[in-house]
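# Structural characterization, general
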Amino acid sequence: MLKKRVACLLLIMLAAANICFAEVSIKIEQVTMDDVKRAIFDEMKDFIPDSKGEDVDAQKTKFFFTESPKVNDDVWTFDTNIEFVQKAKDKDVILSARGNVVEIAPTGARSTYKLDDSVLQANFLEYIKARLKGAYRFGFRYDIAKDGEGAEIESFSSSSPMPAAGVMVGDIVTAVNGKAVRFHSNKAWISKQLIFDIDKPQVVTFTIKRAGIEKDYVVASVFSPPVKKVGLDNK
(Lines give C-alpha, C1' and ligand atoms only; values in the text may rest on other atoms or scores of the structure.)
Protein backbone atom coordinates (compact mmCIF):
# COMPACT_ATOMS: atom_id res chain seq x y z
CA MET A 1 0.00 0.00 0.00
CA LEU A 2 1.46 3.33 0.95
CA LYS A 3 4.80 1.98 2.04
CA LYS A 4 5.05 1.94 -1.72
CA ARG A 5 4.07 5.62 -1.96
CA VAL A 6 5.23 7.09 1.33
CA ALA A 7 7.58 4.98 3.42
CA CYS A 8 9.80 5.61 0.47
CA LEU A 9 12.22 8.03 -1.10
CA LEU A 10 12.97 9.63 2.27
CA LEU A 11 16.23 10.95 0.94
CA ILE A 12 17.15 13.92 3.13
CA MET A 13 17.81 13.19 6.79
CA LEU A 14 17.35 16.04 9.27
CA ALA A 15 17.95 16.35 12.99
CA ALA A 16 14.78 15.66 14.94
CA ALA A 17 15.11 18.89 16.88
CA ASN A 18 15.38 20.94 13.70
CA ILE A 19 12.81 19.53 11.25
CA CYS A 20 12.72 21.26 7.87
CA PHE A 21 9.55 20.92 5.80
CA ALA A 22 9.59 20.82 2.04
CA GLU A 23 6.69 22.39 0.20
CA VAL A 24 5.67 21.79 -3.40
CA SER A 25 2.53 22.82 -5.26
CA ILE A 26 0.37 22.03 -8.27
CA LYS A 27 -2.35 23.95 -10.14
CA ILE A 28 -5.69 22.23 -10.62
CA GLU A 29 -7.76 24.03 -13.23
CA GLN A 30 -11.50 24.72 -13.22
CA VAL A 31 -12.28 23.27 -9.77
CA THR A 32 -13.56 24.60 -6.46
CA MET A 33 -11.83 24.35 -3.09
CA ASP A 34 -14.61 22.02 -1.94
CA ASP A 35 -13.83 19.74 -4.92
CA VAL A 36 -10.16 19.62 -3.97
CA LYS A 37 -10.87 19.07 -0.27
CA ARG A 38 -13.10 16.12 -1.11
CA ALA A 39 -10.49 14.69 -3.49
CA ILE A 40 -7.79 14.92 -0.79
CA PHE A 41 -9.86 12.89 1.68
CA ASP A 42 -10.98 10.37 -0.94
CA GLU A 43 -7.46 9.78 -2.26
CA MET A 44 -5.87 9.48 1.16
CA LYS A 45 -8.54 7.12 2.47
CA ASP A 46 -8.38 4.94 -0.66
CA PHE A 47 -4.61 4.46 -0.45
CA ILE A 48 -4.21 4.61 3.34
CA PRO A 49 -7.46 3.44 4.93
CA ASP A 50 -6.03 3.80 8.44
CA SER A 51 -4.88 7.39 7.93
CA LYS A 52 -6.33 10.05 10.22
CA GLY A 53 -7.39 13.32 8.59
CA GLU A 54 -8.19 16.64 10.18
CA ASP A 55 -9.64 19.85 8.71
CA VAL A 56 -7.60 22.64 10.29
CA ASP A 57 -9.57 25.32 8.42
CA ALA A 58 -11.07 25.94 4.96
CA GLN A 59 -7.62 25.93 3.37
CA LYS A 60 -5.55 23.50 5.44
CA THR A 61 -5.89 19.74 5.95
CA LYS A 62 -3.55 17.44 7.90
CA PHE A 63 -3.07 13.67 7.71
CA PHE A 64 -1.17 11.24 9.92
CA PHE A 65 -0.53 7.54 9.37
CA THR A 66 1.84 4.77 10.42
CA GLU A 67 3.37 2.12 8.16
CA SER A 68 5.39 -0.89 9.37
CA PRO A 69 6.95 -2.73 6.41
CA LYS A 70 8.89 -5.93 7.03
CA VAL A 71 12.09 -6.28 5.01
CA ASN A 72 14.44 -9.23 5.39
CA ASP A 73 12.60 -10.18 8.60
CA ASP A 74 13.25 -6.72 10.10
CA VAL A 75 10.30 -4.44 10.89
CA TRP A 76 10.69 -0.72 10.22
CA THR A 77 8.09 1.81 11.41
CA PHE A 78 7.34 5.09 9.64
CA ASP A 79 5.13 7.75 11.28
CA THR A 80 4.17 10.21 8.54
CA ASN A 81 2.63 13.68 8.78
CA ILE A 82 1.43 15.52 5.66
CA GLU A 83 -0.15 18.97 5.48
CA PHE A 84 -2.14 20.08 2.42
CA VAL A 85 -2.88 23.78 1.83
CA GLN A 86 -5.09 25.08 -0.97
CA LYS A 87 -5.65 28.59 -2.29
CA ALA A 88 -8.21 29.73 -4.87
CA LYS A 89 -6.83 31.57 -7.90
CA ASP A 90 -9.48 32.76 -10.36
CA LYS A 91 -11.32 29.54 -11.30
CA ASP A 92 -8.40 27.33 -10.35
CA VAL A 93 -6.94 26.00 -7.09
CA ILE A 94 -3.25 25.92 -6.12
CA LEU A 95 -2.66 22.89 -3.90
CA SER A 96 0.57 22.60 -1.93
CA ALA A 97 1.90 19.93 0.41
CA ARG A 98 4.66 19.43 2.91
CA GLY A 99 5.48 16.64 5.31
CA ASN A 100 7.90 14.76 7.51
CA VAL A 101 8.48 11.18 8.60
CA VAL A 102 9.79 9.73 11.85
CA GLU A 103 11.58 6.45 11.11
CA ILE A 104 11.96 3.85 13.86
CA ALA A 105 14.56 1.21 13.02
CA PRO A 106 14.35 -2.43 14.24
CA THR A 107 16.90 -1.45 16.89
CA GLY A 108 14.59 1.27 18.21
CA ALA A 109 16.76 4.09 16.87
CA ARG A 110 14.71 7.07 15.66
CA SER A 111 15.46 9.42 12.75
CA THR A 112 13.40 12.28 11.29
CA TYR A 113 13.25 13.10 7.59
CA LYS A 114 11.37 15.50 5.41
CA LEU A 115 9.28 13.92 2.69
CA ASP A 116 11.18 14.25 -0.57
CA ASP A 117 9.75 16.82 -3.01
CA SER A 118 9.33 14.20 -5.71
CA VAL A 119 7.26 12.02 -3.36
CA LEU A 120 4.92 14.87 -2.49
CA GLN A 121 4.60 15.97 -6.11
CA ALA A 122 4.33 12.65 -7.93
CA ASN A 123 2.68 10.47 -5.33
CA PHE A 124 0.25 12.87 -3.66
CA LEU A 125 -0.45 16.13 -5.48
CA GLU A 126 -0.58 14.60 -8.96
CA TYR A 127 -2.79 11.73 -7.79
CA ILE A 128 -5.21 14.17 -6.16
CA LYS A 129 -5.29 16.17 -9.39
CA ALA A 130 -5.77 12.96 -11.39
CA ARG A 131 -8.76 12.11 -9.25
CA LEU A 132 -10.41 15.32 -10.44
CA LYS A 133 -9.07 15.59 -14.00
CA GLY A 134 -8.10 12.04 -15.02
CA ALA A 135 -4.61 10.65 -15.69
CA TYR A 136 -2.51 8.14 -17.61
CA ARG A 137 -1.79 5.14 -15.39
CA PHE A 138 -0.33 1.63 -15.38
CA GLY A 139 -2.85 0.69 -12.72
CA PHE A 140 -0.98 -1.56 -10.31
CA ARG A 141 -0.23 -1.52 -6.61
CA TYR A 142 2.91 -3.00 -5.15
CA ASP A 143 4.85 -3.69 -2.00
CA ILE A 144 8.53 -4.14 -1.19
CA ALA A 145 9.71 -7.58 -2.29
CA LYS A 146 10.42 -9.86 0.65
CA ASP A 147 14.15 -9.81 -0.02
CA GLY A 148 14.14 -6.04 -0.53
CA GLU A 149 15.19 -6.41 -4.17
CA GLY A 150 12.43 -4.99 -6.37
CA ALA A 151 8.70 -4.37 -5.96
CA GLU A 152 6.13 -7.15 -5.76
CA ILE A 153 2.86 -6.49 -7.60
CA GLU A 154 -0.13 -6.88 -5.27
CA SER A 155 -3.11 -5.98 -7.47
CA PHE A 156 -4.31 -4.31 -10.67
CA SER A 157 -7.03 -1.73 -11.27
CA SER A 158 -9.90 -2.75 -13.56
CA SER A 159 -8.44 -0.62 -16.38
CA SER A 160 -4.80 -1.64 -15.94
CA PRO A 161 -2.96 -2.56 -19.18
CA MET A 162 -0.50 -4.77 -17.28
CA PRO A 163 -2.42 -8.10 -17.30
CA ALA A 164 -3.01 -7.91 -21.06
CA ALA A 165 0.74 -7.46 -21.50
CA GLY A 166 1.34 -10.68 -19.54
CA VAL A 167 2.23 -9.29 -16.11
CA MET A 168 0.74 -11.14 -13.13
CA VAL A 169 0.02 -10.54 -9.44
CA GLY A 170 3.04 -11.77 -7.48
CA ASP A 171 5.53 -10.75 -10.17
CA ILE A 172 8.56 -8.75 -9.02
CA VAL A 173 9.44 -5.54 -10.88
CA THR A 174 13.24 -5.46 -10.86
CA ALA A 175 13.85 -2.69 -13.42
CA VAL A 176 12.04 0.04 -15.38
CA ASN A 177 13.45 0.99 -18.78
CA GLY A 178 16.66 -0.79 -17.85
CA LYS A 179 17.13 1.07 -14.55
CA ALA A 180 17.09 -1.13 -11.47
CA VAL A 181 14.33 -0.85 -8.89
CA ARG A 182 16.39 -0.88 -5.75
CA PHE A 183 16.12 0.36 -2.19
CA HIS A 184 18.37 2.69 -0.23
CA SER A 185 20.40 1.68 2.84
CA ASN A 186 17.85 -0.15 5.02
CA LYS A 187 15.90 -1.11 1.86
CA ALA A 188 12.69 0.38 3.19
CA TRP A 189 12.67 3.26 0.70
CA ILE A 190 11.17 2.69 -2.73
CA SER A 191 13.15 3.48 -5.88
CA LYS A 192 12.26 6.58 -7.90
CA GLN A 193 12.00 4.28 -10.91
CA LEU A 194 8.42 3.59 -9.79
CA ILE A 195 7.28 7.21 -10.20
CA PHE A 196 5.58 7.72 -13.58
CA ASP A 197 4.41 10.73 -15.58
CA ILE A 198 0.60 10.67 -15.37
CA ASP A 199 -0.05 13.74 -17.55
CA LYS A 200 0.79 12.05 -20.85
CA PRO A 201 0.91 8.50 -22.25
CA GLN A 202 4.08 6.50 -21.77
CA VAL A 203 5.49 3.26 -23.13
CA VAL A 204 7.61 1.58 -20.48
CA THR A 205 9.69 -1.60 -20.40
CA PHE A 206 9.21 -3.43 -17.11
CA THR A 207 11.73 -6.12 -16.22
CA ILE A 208 9.75 -8.76 -14.35
CA LYS A 209 11.09 -11.64 -12.23
CA ARG A 210 8.84 -14.69 -11.95
CA ALA A 211 9.98 -18.01 -10.47
CA GLY A 212 13.54 -16.70 -10.50
CA ILE A 213 13.54 -15.85 -14.23
CA GLU A 214 13.60 -12.28 -15.54
CA LYS A 215 11.75 -11.15 -18.67
CA ASP A 216 10.96 -7.75 -20.22
CA TYR A 217 7.36 -6.61 -20.78
CA VAL A 218 6.55 -3.50 -22.83
CA VAL A 219 3.43 -1.72 -21.55
CA ALA A 220 1.68 1.51 -22.61
CA SER A 221 -0.12 3.54 -19.94
CA VAL A 222 -3.85 4.11 -20.46
CA PHE A 223 -6.04 7.09 -19.60
CA SER A 224 -8.19 6.69 -16.52
CA PRO A 225 -11.06 9.20 -16.35
CA PRO A 226 -11.77 11.32 -13.27
CA VAL A 227 -13.07 9.39 -10.30
CA LYS A 228 -16.79 9.94 -9.83
CA LYS A 229 -17.56 9.31 -6.19
CA VAL A 230 -19.24 10.99 -3.27
CA GLY A 231 -16.74 12.60 -0.90
CA LEU A 232 -16.14 11.29 2.58
CA ASP A 233 -17.33 13.13 5.68
CA ASN A 234 -14.43 15.47 6.38
CA LYS A 235 -15.31 16.18 9.98
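Because the structure is predicted, anything quoted here is derived from the model rather than measured.

## What about the overall build of the chain?
Helix and strand counts for the chain stand at three helices and 17 strands. Looking at the chain as a whole, 48% of its 235 residues are labelled buried. Taking the intrachain contacts of the chain between residues at least 6 apart in sequence as the baseline, contacts between residues at least 24 apart amount to 60%. For the chain, the accessible surface area stands at approximately 11,400 Å², while carbon and sulfur atoms represent 51% of it.

## Brief notes about helix α1 (residues 33–47)
Turn by turn, an α-helix covers 3.6 residues, leaving residues three or four places apart pointing in a common direction. Taking 1.5 Å per residue, 15 residues should reach 21 Å; α1 reaches 21 Å between its end C-alpha atoms and fits that length. Inspection of α1 places Val36, Lys37, Ala39, Ile40, Phe41, Asp42, Glu43, Met44 and Phe47 among the buried residues, and these make up the whole buried set.

## Overview of unusual backbone geometry
For aspartate 90, which is not a glycine, the phi torsion comes out positive at approximately 55°. Despite not being glycine, asparagine 177 has its phi angle at roughly 55°, a positive value. Its location among the elements puts asparagine 177 in the loop between β13 (172–176) and β14 (179–180).

## Quick notes on the pairing of β13
The buried count for β13 comes to five of five residues, which makes it a mostly enclosed element. In terms of strand pairing, strand β12 (residues 151–156) meets β13 through two bridges, oriented antiparallel. The residue bridging glutamate 152 from the neighbouring strand is isoleucine 172, located in β13. Bridge analysis of β13 against strand β15 (residues 203–210) gives four bridges, and the strand direction is antiparallel. Across the sheet, residue valine 173 finds its bridge partner in β15, namely isoleucine 208. Two strands pair when backbone bridges link them, and β13 and β14 are joined in this way by two bridges, in the antiparallel orientation. By the bridge assignment for β14, valine 176 is matched with lysine 179. Linking β13 back to β14 in an antiparallel pair, the connection comprises two residues, with asparagine 177 at a positive phi of about 55°.

## Section: the confidence of the model for the chain
Averaged over all residues, the pLDDT of the chain is 81; the fraction at 70 or higher stands at 83%. The weakest mean pLDDT in the chain belongs to strand β1 (residues 12–14) at 30; the strongest belongs to strand β16 (residues 213–220) at 98. With pLDDT under 50 throughout, residues 229–235 is counted as low confidence; its partners more than four residues away or in other chains account for 15 contacts.

## Concerning helix α2 (residues 117–133)
Maximal helix bending in α2 amounts to about 30°, located at glutamate 126. On the buried face of α2, the contacting elements are β2 (24–28), α1, β7 (77–89), β8 (92–104) and β10 (135–137). With its phi angle positive at about 90°, glycine 134 sits one or two positions after the end of α2.

## Brief notes about the nonpolar core
With 28 residues, the main nonpolar core has Val36, Ile40, Met44, Ile82, Phe84, Leu95 and Leu125 as its most contacted residues. Those elements that provide at least two residues to this core are β2, α1, β4 (60–67), β7, β8 and α2. Excluding residues that lie within four positions of it along the chain, methionine 44 makes contacts with Pro49, Ser51, Phe63, Phe65, Phe84 and Phe124. The next biggest cluster of nonpolar side chains, apart from the first, holds 17 residues, and it includes Tyr142, Phe206, Ile208 and Tyr217.

Each value, and the rule that gives it
- Residues numbered from 1 in each chain as written.
- Predicted model: local features only at pLDDT ≥ 70, side-chain atom pairs only at ≥ 80, totals over all residues.
- Heavy atoms only, no water.
- Helix = DSSP H or I, 4+ residues; strand = E, 2+ residues; numbered from the N terminus.
- Buried < 20%, exposed > 50% of the residue type's maximum accessible area, 1.4 Å probe, protein only.
- Contact = heavy atoms within 4.5 Å.
- Areas by Shrake-Rupley, 256 points an atom, 1.4 Å probe, with all protein chains shown as cover.
- Expected span 1.5 Å × (residues − 1).
- Pairing = 2+ DSSP bridges.
- pLDDT = per-residue confidence, 0-100.
- Bend = angle between axes of the 7 residues up to and from the residue.
- Core = buried A, V, L, I, M, F, W, Y, C linked by side-chain atoms within 4.5 Å.

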